[in-house]
Amino acid sequence: MKALALLLLAAASTASAQTVYKCVQDGQTSYSEAPCAAGQLQIIEVPPPPPAVDKGAATRQERVASQLESVRKQREAREDQARARGAQQAEVREKRCAQLRLEQKWAAQDAVGAADRNRDAAQLKVRRAGEKLAIECLH
C-alpha cells in the first residue's frame, strides 16, 4: 500500500515522462525515483499525461476558419460577377459585330446594283463599312 502511494505520488509530481524504479528486497517491493541500493531492479516508464485541451485555441481556430470561409465566398461571388459581366459584354460585342457585318453585306449589294454615277459613293460606303467592322470586331 505504501509502495502504491509512493508510485502515485511520483507519477503526479511531474508532468513529463520519468523513470520509476521498482525494487524488490527481502520480499518487500518498493518504488522510487532513484535506483535500488540492493535487490532486484525493474525500471518502469511512466508516460507523460495527455496534453490539456485548450478550448480557447479551438474556438479561435473555428473563428479563423469561419472568417477564411467568408472571405473565400466573397471572392468567389466577385469572380462570378466578373465572369457574368464579361459574358454579357462579349454577347453585346458579338451582336454589334453581327450588325456591322450585315451592314457591310448590304452596302456591297447596293454597290453591285448601283448606277454608274452612284457606284463610286456606294463603293466608298462598302469600304467604310469594312473599315468600321475591322476596327470594332477584328481586334
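Residues numbered from 1 in each chain as written. Predicted model: local features only at pLDDT ≥ 70, side-chain atom pairs only at ≥ 80, totals over all residues. Heavy atoms only, no water.

Engineer: How would you sum up the state of the cysteines? Please name residues and give values.
Structural biologist: Two cysteines joined by a covalent bond between their sulfur atoms form a disulfide. For the structure shown, the criterion picks out 1 disulfide. Residue pairing for Cys 97: its cysteine sulfur links by disulfide to Cys 137, the two sulfurs lying 1.9 Å apart. Given an S-S torsion of about -110 degrees, the disulfide between Cys 97 and Cys 137 has left-handed geometry. Taken as a pair, Cys 97 in helix α2 (residues 55-113) and Cys 137 in helix α3 (residues 116-137) lie far apart in primary sequence, 40 residues in all. Residues Cys 97 and Cys 137 agree in their burial class; the two are buried. (Disulfide = S-S within 2.5 Å. Helix = DSSP H or I, 4+ residues; strand = E, 2+ residues; numbered from the N terminus. Buried < 20%, exposed > 50% of the residue type's maximum accessible area, 1.4 Å probe, protein only.)

Engineer: Explain the packing of α2 against α3 to me, using residue names and the numbers behind them.
Structural biologist: For the pair α2 and α3, the least separation of the axes is 8 Å and the interaxial angle reads 165 degrees. When the interaxial angle is binned, α2 and α3 end up roughly antiparallel. As α2 packs across α3, the resulting crossing turns out to be left-handed. Judged by residue contacts, Arg 93, Arg 96, Cys 97, Leu 100, Arg 101, Gln 104, Ala 107, Ala 108, Asp 110, Ala 111 and Val 112 of α2 engage Arg 119, Ala 122, Gln 123, Lys 125, Val 126, Ala 129, Gly 130, Lys 132, Leu 133, Glu 136 and Cys 137 from α3. Partitioned by chemical class, the residues of the contact of α2 with α3 number 11 nonpolar, 3 polar and 8 charged. (Axes fitted to C-alpha atoms, helices over the stretch in contact; angles between N-to-C directions. Parallel < 35°, antiparallel > 145°, perpendicular 65-115°, else oblique. Left-handed = near helix turned anticlockwise from the far one by under 90°. Contact = heavy atoms within 4.5 Å. Nonpolar A, V, L, I, M, F, W, Y, C, P; charged D, E, K, R; others polar.)

Engineer: If you had to explain α2 to someone new, which residues and values would you point to?
Structural biologist: The first and last C-alpha atoms of α2 sit 87 Å apart over 59 residues, in line with the 87 Å expected at 1.5 Å per residue. For α2, the set of buried residues is Cys 97, Leu 100, Ala 107 and Ala 111. Along its buried surface, α2 packs onto α3. (Expected span 1.5 Å × (residues − 1).)

Engineer: With reference to specific residues and values, describe the nonpolar core.
Structural biologist: Core analysis: the largest hydrophobic core is formed by 5 residues, namely Ala 107, Ala 111, Ala 114, Ala 122 and Val 126. Taken together, the elements giving at least two residues each to this core come down to α2 and α3. If we skip the residues at most four places from it in the chain, Ala 114 touches Arg 119 and Ala 122. (Core = buried A, V, L, I, M, F, W, Y, C linked by side-chain atoms within 4.5 Å.)

Engineer: Tell me about the confidence of the model for the chain, and please be specific about residues and values.
Structural biologist: Atomic detail in the predicted coordinates should be set aside for any region of low pLDDT. With 80% of its residues at a pLDDT of 70 or more, the chain has an overall mean of 79. Of all helices and strands in the chain, the one with the weakest mean pLDDT is helix α1 (residues 2-12) (50), whereas α2 scores best (91). (pLDDT = per-residue confidence, 0-100.)

Engineer: Can you break down α3 residue by residue, with the values?
Structural biologist: In this model α3 runs 32 Å from its N-terminal to its C-terminal C-alpha over 22 residues, within 8% of the 32 Å that 1.5 Å per residue would give. What α3 keeps buried is the set Ala 122, Val 126, Ala 129, Gly 130, Leu 133 and Cys 137. One side of α3 carries all its buried residues, which in axial view fall inside an arc of 100 degrees. For α3, the exposed residues set more than 90 degrees away from the buried face come down to Arg 117, Asp 120, Ala 121, Arg 128 and Ile 135. In the core, the buried residues of α3 are packed alongside α2. (Arc of directions from axis to C-beta.)

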